[in-house]
Amino acid sequence: MDLKDLRAKLDEIDPKIVELYEQRMDICSQVADYKIGTGKKVFDPAREKEKIDTVKSLTHNDFNRTGVEELFEQIMAMSRKLQYQKLTQAGSLGRLPFISIDSIDKKSCRVVFQGAEGAYSQAAMFKFFGKKVNNFHVDTFRDAMIAIEEGAADYAVLPIENSTAGIVSEIYDLLTEYENYIIGEQIIKIEHCLIGLPGAKISDIKTVYSHAQSLMQSSRFLSDHPAWQQISMKNNAFGVQKIASDGDISQAAIASEYAAEYYGMNILKKGINKSDTNSTRFIIVTNQKVFLKKANKISIMLEIGNEVGALYHILSHFHYNHVNLSRIESRPIGDRNWEYRFFIDFEGNLADSSVKNALRGLREEAKALRVLGNY
């Protein structure tokens, strides 16, 4: 047979595949009705493995065996998603332990930020809550998490991502460790300045203090001064605070113009970071399981099995529920070598039926799932 005849044969087979697929999904719909009535779980890993082993045994070569395995994994994944949808329609989804609120009371709350006066975190806090907000600062990100967990503060402002340097990995780890939740975010433009003592000149500088990410973001400028010693600090503002305290004209810091003004220091050069569009995204974290009714972004953390196709199948829940995934990050699980947690951001609100359905599927099929916030 020539190519035209072969394609004609395929055209005869494909409608039969579609017909059989729809017949199978009709039966899966009846299975869903049964599970709704009996309370049985949708995902049955042992049954699915048994089924895949059976259909693989019907093939006649290794290539087809692998292909049939992948095909039936997909068919059964589609079946589960249909069943999750029917559970949602039947009101069998259950309620997430989050309460929707109309707004944040920014006038009477207390806010903590990491660093010192003049830090970018403080600038983000003022932009989100206003300059009259009741606030205090702590030395470390962990201290900020503890402050809201213990109730010393209602909210914490923490940097989670920079547009050029990437994620702040410690924040992701702390979100896993503490039962705190994201309720908002604030993005601010970053313009680093080289800051020295009044009267200092660039030619006087021998040592530069700043946060590790700020040193990285200013690497192009710093490469023109290879003799300078670069010392990492917990926060940019701590660097300015140190040079102001030491009074050594050979010391400089990399921080914001606001920090220089706050400590009465001299700006030796503005805009030394290598990107004109450099921005940092800060999250607003609380110990309450609440979300704003107008929230449109959700962050989750999940763990999955170390199996072929596991991540692919998990991510398919977003596709089948028409939920737009905006980012995914992975972090190693500390006590389990070469295993990872995934942090996923996607569009939506916890009140949306499509989001509820996606989360239902994720919760059933992931080893662990935690909603980090809706904001």
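The structure presented is a predicted model; accordingly, all values stated were derived computationally and were not measured. (Residues numbered from 1 in each chain as written. Predicted model: local features only at pLDDT ≥ 70, side-chain atom pairs only at ≥ 80, totals over all residues. Heavy atoms only, no water.)

## Observations concerning the pairing of strand β10 (residues 251–255)
Okay, step 1: Counted residue by residue, β10 has 5 buried out of 5 residues, so it is predominantly covered.
Okay, step 2: By the alternation rule, side chains of β10 split into Gln-251, Ala-253 and Ala-255 and Ala-252 and Ile-254, which are all buried.
Okay, step 3: Looking at chain direction, strand β7 (residues 193–196) and β10 are connected through 4 bridges and run antiparallel. Residue pairing across strands places Leu-194 opposite Ile-254, the latter belonging to β10. (Buried < 20%, exposed > 50% of the residue type's maximum accessible area, 1.4 Å probe, protein only. Helix = DSSP H or I, 4+ residues; strand = E, 2+ residues; numbered from the N terminus. Pairing = 2+ DSSP bridges.)

## Describing the UniProt feature "domain: Prephenate dehydratase" (unreviewed entry) in the protein
Okay, step 1: Taken from the UniProt record, the annotation "domain: Prephenate dehydratase" (unreviewed entry) applies to residues 110–287.
Okay, step 2: What you have in residues 110–287 is 31% helix and 34% strand, and the ends, taken at the C-alpha atoms, are 13 Å apart. (UniProt positions renumbered as here; feature names shortened; annotations may be inferred.)

## Description of the UniProt feature "site: Essential for prephenate dehydratase activity" (unreviewed entry) in the protein
Okay, step 1: Here the UniProt feature "site: Essential for prephenate dehydratase activity" (unreviewed entry) sits at Thr-280.
Okay, step 2: Within the secondary structure, Thr-280 sits in strand β12 (residues 279–286).

## Brief notes about empty space enclosed by the protein
Over the atoms, a rolled probe matching the size of one water molecule traces out where space is still vacant.
Okay, step 1: In this structure the tally under the stated criterion is 2 cavities of 30 Å³ or more.
Okay, step 2: Taken together, 19 residues make up the lining of the largest cavity; nearest its centre are Tyr-120, Pro-159, His-211, Ser-214 and Asn-236.
Okay, step 3: Among the secondary structure elements, those contributing two or more residues to the lining of the largest cavity are α4 (120–129), β4 (155–162), α7 (212–217) and β12.
Okay, step 4: In terms of residues, the lining of the largest cavity owes the most to one element, α7, which gives 3 residues.
Okay, step 5: Class assignment of the residues belonging to the lining of the largest cavity gives a composition of 7 nonpolar, 11 polar and 1 charged.
Okay, step 6: Counting contributing residues per domain, the lining of the largest cavity is built from domain 2 (99–190 + 278–292) and domain 3 (195–268), each supplying no fewer than three. (1 Å grid on protein atoms, 1.4 Å probe; cavity = no way out; pocket = protein on both sides within 12 Å on 5 of 7 lines; lining within 4 Å. Points joined across faces, edges and corners; volume = space filled by probe spheres on them. Nonpolar A, V, L, I, M, F, W, Y, C, P; charged D, E, K, R; others polar. Domains from an automatic or database assignment.)

## Digging into the pattern of salt bridges
When the charged atoms of two side chains lie near each other, side chains of opposite charge can form a pair.
Okay, step 1: Considering all chains together, one arrives at 22 salt bridges under this definition.
Okay, step 2: For Glu-365, the salt bridge is made with Arg-80, and the minimal N-O distance between the two is 2.5 Å. With Glu-365 in helix α12 (residues 353–365) and Arg-80 in helix α3 (residues 62–89), this residue pair connects regions lying 285 residues apart in the sequence. With respect to class, Glu-365 is no different from Arg-80; both count as buried.
Okay, step 3: Measuring nitrogen to oxygen at the nearest pair gives 3.2 Å for the salt bridge that ties Glu-185 to Lys-297. (Salt bridge = Lys/Arg side-chain N within 4 Å of Asp/Glu carboxyl O.)

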